[in-house]
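Below are the chains, spelled out letter by letter.
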Amino acid sequence: MIVKDQALDAVMLRNDFPVLSRSRNIPALVYLDSAATTLKPQCVIDAIVRYYSEYGGSVHRGIYQIAERATEEYENARKQIARFIGAKTTESVIFTKGTTESINLVAYAWARHILKPGDEILLTEMEHHSNIVPWQMVAKTTGAHIRYLPLNDDGTLNLEDAHRYFTPQTKLAAVIHQSNVLGTVNPVERIVKMAHDAGALALVDGAQRVPHHSVDVTELGADFYVFSGHKMLGPTGVGVLYGNLEVLDKMEPFHGGGDMIRTVSMLESTWNTLPYKFEAGTPPIAQVIGLGTAVEYLSNIGLDKITAYEEQLTTYALKALRTIPGIEIYGEAPHRGAVISFNAGNVHPHDLSQLLDRDGIAVRAGHHCAQPIMTRLGISATTRASFYLYNTLEEIDLLVESIRKAIDFMGG
Ligand code: PLP
């Protein structure tokens, strides 16, 4: 276990992650795809196994011991997560399947009821598909328009003329906090303020930010803040929608079913209080409990330490990658996270990724669910290396060496 006032020791920390066990992988796994999903520490796996093997009852309804324990652990995880993101109350923390479902919840339960023809939804050119497609679907059914804040060549947002994008028609600005392709960290505080000044709501996609940097949703003041458990050492199948209580209160439910109701008659139903109004059916109990443990693990290490360590990894990786002849790195934002997208010589990202895999190196290749960025950059794909607290400088050296080998193999 990590003690807070020691520096982050990735080599020691790696022992907490069974997937990294050397004997399991030959060659040893160099996992550089944490922006897609992170590896899980043993304590998270244990928490899930403990739920299933010791007290696997359902939550909220059972009046017997294992159900009561399940409810306690589930609601305790909500408290841990609320504290982790600086939410004032647990009522504003809604469990979903992940970032994608959280955004769809807002699209269905808020936007589809509120937006009218001519209203505007403001996105950016660097959104993940999950923060584009739901809004396109909303636009189709409501007659609202989508506008995009443009990208500068360095991968930052062009906010010079931003005031032109916020009009009386703007009803929602939905922006990514940290890009999953370029690493850019956006000035979301400024964008939230501009949205509010224009009378619009603001949604921030924190899928790539919450795992790596402390976030205070109360200070930020966005109406909605969304993220996924599996990108922050938690299990798949669970994520969070944090919402402004006043806005959530006025919203219609998303899914109908058990647990989200107060009363049901043959003709109509009334809704449960927050957050349960938005948690229909049996929730992902083991996953929520696992996410609570992940948050505890991250908090014990300290987000500040994680951020500082990742900055060290990223600076080192950028410098090392730039020594490779013919490499092109996309995104040079001064304020960036631990994600680097690049193309290496004439080697297609899919070929490169396969060749790196021979050396045990796992990177991502493709459009990274952000095709508008690819269009803006005039490319179809990149290779992406992303880092987390278990990566080491030695792994970056291995990546660089393996890319050089791949370029030679493919004849430059
Ligand atoms: N937003 C960003 C910035 C992402 O990187 C991702 C996943 O890669 C998502 C949203 C979607 O997350 P999920 O697939 O967990 O719903």
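These figures come from a predicted structure and were not determined experimentally.

1. Regarding the side chain of Ser386
Inference 1: With respect to the helices and strands, Ser386 occurs in strand β15 (residues 382-386).
Inference 2: Accessibility expressed as a relative area gives 1% for Ser386, which makes it buried.
Inference 3: Here the side chain of Ser386 touches Ser34 through a polar contact of 3.0 Å, landing on its backbone nitrogen.
Inference 4: Excluding residues that lie within four positions of it along the chain, Ser386 makes contacts with Tyr31, Leu32, Asp33, Ser34, Ala35, Ala338, Val339 and Asn391.

2. Examining the layout of surface pockets
Inference 1: Space inside the second largest pocket adds up to approximately 310 Å³.
Inference 2: Along the wall of the second largest pocket there are 18 residues; nearest its centre are Ala35, Ala36, His128, Gln208 and Lys231.
Inference 3: Its residues assigned to classes, the lining of the second largest pocket shows five nonpolar, nine polar and four charged.
Inference 4: In this structure, the lining of the second largest pocket is formed jointly by two domains, domain 1 (10-41 + 302-410) and domain 2 (87-285), each of which donates at least three residues.

3. Describing helix α2 (residues 42-54)
Spacing of three or four residues puts side chains on the same side of an α-helix, whose turn is 3.6 residues.
Inference 1: When the terminal C-alpha atoms of α2 are compared, their 17 Å separation across 13 residues agrees well with the 18 Å that a helix rising 1.5 Å per residue should span.
Inference 2: Residues Val44, Ala47 and Tyr51 constitute the buried set of α2. Each buried residue of α2 sits inside an arc of 55° when the element is viewed along its axis, so together they form one side. Set apart from the buried face of α2 by more than 90 degrees, the exposed residues are Tyr52 and Ser53.
Inference 3: The secondary structure elements touched by the buried residues of α2 are α3 (65-84) and α10 (285-301).

4. Observations concerning the packing of α3 against α10
In a packed pair of helices, the relevant descriptors are the angle between the two axes and the axis-to-axis distance.
Inference 1: One can describe the packing of α3 onto α10 by two numbers: an axis separation of 8 Å at closest approach and a directional angle of 40°. Here α10 runs oblique to α3, going by the angle between their axes. You can see that α3 and α10 cross each other, and the crossing is left-handed. Residues Ala70, Glu73, Tyr74, Ala77, Gln80, Ile81 and Phe84 of α3 form the contact with α10, whose own contacting residues are Ile285, Val288, Ile289, Leu291, Gly292, Thr293, Val295, Glu296, Leu298 and Ser299.
Inference 2: Taken together, the residues of the contact of α3 with α10 break down into eleven nonpolar, four polar and two charged.

5. Regarding the site of the ligand
Inference 1: The environment of the ligand is made up of Thr99, Thr100, His128, Ser130, Ile176, Asn180, Asp205, Ala207, Gln208, Ser228, His230 and Lys231.
Inference 2: Thr100 places a side-chain nitrogen or oxygen 2.6 Å from an oxygen atom of the ligand.
Inference 3: Between a nitrogen atom of the ligand and a side-chain N or O atom of Asp205, the distance comes to 2.6 Å.
Inference 4: In the complex, the protein chains occlude 85% of the 400 Å² of accessible area that the ligand would expose alone.
Inference 5: At a threshold of 2 Å from the grid points, most atoms of the ligand map onto the second largest pocket.
Inference 6: For the shell around the ligand, the per-class residue count stands at two nonpolar, eight polar and two charged.

6. Quick word on empty space enclosed by the protein
Inference 1: Here the structure, examined in full by the defined rule, presents two cavities of 30 Å³ or more.
Inference 2: Put simply, the largest cavity is a space of about 40 Å³.
Inference 3: Lining the largest cavity are Ser34, Ala35, Gln178, Gln208, His212, Ala338, Val339, Ser386 and Phe387.
Inference 4: When residues are assigned to domains, the lining of the largest cavity turns out to be shared by domain 1 (10-41 + 302-410) and domain 2 (87-285), each giving three or more.
Inference 5: Roughly 30 Å³ of internal volume is contained in the second largest cavity.
Inference 6: Considering only residue class, the lining of the second largest cavity consists of five nonpolar, two polar and no charged.

Procedures and definitions
Residues numbered from 1 in each chain as written. Predicted model: local features only at pLDDT ≥ 70, side-chain atom pairs only at ≥ 80, totals over all residues. Heavy atoms only, no water. Helix = DSSP H or I, 4+ residues; strand = E, 2+ residues; numbered from the N terminus. Buried < 20%, exposed > 50% of the residue type's maximum accessible area, 1.4 Å probe, protein only. Polar contact = N/O pair within 3.5 Å; in protein donor to acceptor, adjacent residues only side chain to side chain. Contact = heavy atoms within 4.5 Å. 1 Å grid on protein atoms, 1.4 Å probe; cavity = no way out; pocket = protein on both sides within 12 Å on 5 of 7 lines; lining within 4 Å. Points joined across faces, edges and corners; volume = space filled by probe spheres on them. Nonpolar A, V, L, I, M, F, W, Y, C, P; charged D, E, K, R; others polar. Domains from an automatic or database assignment. Expected span 1.5 Å × (residues − 1). Arc of directions from axis to C-beta. Axes fitted to C-alpha atoms, helices over the stretch in contact; angles between N-to-C directions. Parallel < 35°, antiparallel > 145°, perpendicular 65-115°, else oblique. Left-handed = near helix turned anticlockwise from the far one by under 90°. Near = heavy atom within 4 Å. Areas by Shrake-Rupley, 256 points an atom, 1.4 Å probe, with all protein chains shown as cover. Sits in = over half its atoms within 2 Å of the grid points.

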